[in-house]
Amino acid sequence: MKRKTVAILFGGVSSEHEVSLQSAAAVIDAIPVTKYNVIQIGITKEGSWYKFDGISQQIKDGSWARSPFLKRVVVSPDHLKPGLILLDEEGINYIQVDCYFPVLHGKNGEDGTIQGLLDMANIPYVGCGTLSSALCMDKVIAQQLVSSAGICTTDFISFGRYEYQFEQVQQWATEEVGYPVFVKPARSGSSYGISKAHDEFELKQAIEQAFTFDDKVLCEGMIMGMEVGCAVYGNDYPETGLIGEIEPSRDFLDYEDKYHSGEMKQYVPARQKEDILKMVQQLGVQIYRILGCKGLARVDFFIKENGEIVFNEINTIPGFTPSSRYPKMIEASGIPYSELIVELIELAMQRREVSRIESI
């Protein structure tokens, strides 16, 4: 049987460019080459697309973008010639692609933009679709949709730059939830731009910082409890891995604790009663369906001391190194990292096949 060609997309123009490089290098190292022909497509911080023929270590350390093994490419939107258009000295050539694997965290990768481009190209891709990706990326809209389904969410207030009035936010913080308050850009990942404000002065500073990442900000009341994640995968009949718990080494889980200090602790399964963990799995699948997810997503929750489960946020392209939270939870349920990659590619191909049959 002819090997399918999978194009791994990495890098990107978001603030999470470096995180993407680590995840993509891990995927490339683990994907079974006996089963798939792998093409590496890097997107620079400036937004240029290249076919990269070097080794994964160059992706991991960021030197790929200075490599001589680069050829400019663009995605072909032509359904009669799907795949990639290779631009070099010899002219224009087409590269057939059977499936894209976006390993692009944050804006322009996880927010529906790249998914819309790939939908136009009419080639299957790993992960959630255009609308679902956009909904999940916006923490405010995700909270509103989940809350409307009767699932407990954090107490929050949100506002755009044009409507922002600090006095109203300060009143909400003081009279409704109390300090400390978490301040987040509405559409950012990997804890970029997130602050914990303990008073009026810190709250104002935190909001100003969040606005440098996005023009929409979310403020949330603090939840005392255990932080857990639910790794969900599948299309119409999603399944979950074991529930994982994180224990930050700092006041809260920030970017440094996630990716540099190495001091954050993970526990899989989470140190919680089995019936509560099963409820987290059920809620994870329910939220996955509410938000129209396909392929994969990590749904994060808080578990209060009284056992109440509170939705926190959802990530449609979570960190994807073997030591990242999502693969760890799936691995603990019996699916090794390399097999998980195969499963996600096959789920993408199945969606394409179902779509093709329904269009007949």
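The present account deals with the structure reproduced in this document. None of the values given here were measured: they were computed from a predicted structure.

Charged atoms that come close allow side chains of opposite charge to pair. On inspection of all chains with the given rule, the structure shows 15 salt bridges. A salt bridge links Lys-45 to Glu-18, with the nearest nitrogen and oxygen atoms 2.6 Å apart. A residue pair is termed long-range when its members are at least 10 positions apart, and Lys-45 in the loop between β2 (36–43) and β3 (49–52) and Glu-18 in helix α1 (residues 17–30) qualify at 27 residues. With a shortest N-O distance of 3.6 Å, Glu-274 and Lys-278 are connected by a salt bridge. Here Glu-274 pairs with Lys-278, and both are found in helix α9 (residues 274–290), just four residues apart, close to one helical turn. Take Glu-274: its relative accessible area is 56%, and that puts it in the exposed class. Look at Lys-278 and you get partly exposed, because its relative accessible area is 45%.

What follows is about the sheet that holds strand β10 (residues 195–197). With antiparallel pairing, the four strands of this open sheet are ordered in space as β8-β11-β9-β10. Each edge of the open sheet is held by one strand with a lone partner, namely β8 (156–160) and β10. With direction set aside, neighbouring strand axes in the sheet form an average angle of 25°. For β8 and strand β11 (residues 216–221), the ladder comprises five bridges, and the chain directions are antiparallel. Bridged to Phe-156 within β11 is Glu-220. Across the sheet, helix α6 (residues 166–177) touches β8, β9 (181–185) and β11, and the angle it forms with β11 is around 20°.

Now for the packing of aromatic side chains. Scanning the entire structure with this criterion turns up nine aromatic pairs. On the numbers, 6.2 Å between centres and 70° between planes, the contact of Phe-101 with Phe-320 is edge-to-face. Within this pair, whereas Phe-101 is found in strand β7 (residues 99–102), its partner Phe-320 is found in the loop between β17 (309–315) and α10 (325–332), the two being separated by 219 residues in sequence. Judged by its relative accessible area of 3%, Phe-320 falls in the buried class. Residues Phe-320 and Tyr-337 carry aromatic rings whose centres are separated by 5.8 Å and whose planes lie at 45° to one another, so their mutual orientation is tilted. Residue Phe-320 is located in the loop between β17 and α10, and its partner Tyr-337 is located in helix α11 (residues 337–359); the two are separated by 17 residues in the primary sequence. The exposure class of Tyr-337 is buried, given its relative accessible area of 11%. Put simply, the rings of Phe-101, Phe-320, Tyr-326 and Tyr-337 pair up and form one aromatic cluster. Over the face of the ring belonging to Tyr-267 we find Arg-271, whose NZ or CZ atom lies 3.8 Å from the ring centre. Here the basic side chain of Arg-351 rests over the ring of Tyr-125, its NZ or CZ set 5.6 Å away from the ring centre.

Definitions and limits used
- Residues numbered from 1 in each chain as written.
- Predicted model: local features only at pLDDT ≥ 70, side-chain atom pairs only at ≥ 80, totals over all residues.
- Heavy atoms only, no water.
- Salt bridge = Lys/Arg side-chain N within 4 Å of Asp/Glu carboxyl O.
- Helix = DSSP H or I, 4+ residues; strand = E, 2+ residues; numbered from the N terminus.
- Buried < 20%, exposed > 50% of the residue type's maximum accessible area, 1.4 Å probe, protein only.
- Pairing = 2+ DSSP bridges.
- Axes fitted to C-alpha atoms, helices over the stretch in contact; angles between N-to-C directions.
- Contact = heavy atoms within 4.5 Å.
- Phe/Tyr/Trp six-rings, centres within 6.5 Å; stacked < 30°, edge-to-face > 60°.
- Lys NZ or Arg CZ within 6 Å of the ring centre and 35° of its normal.

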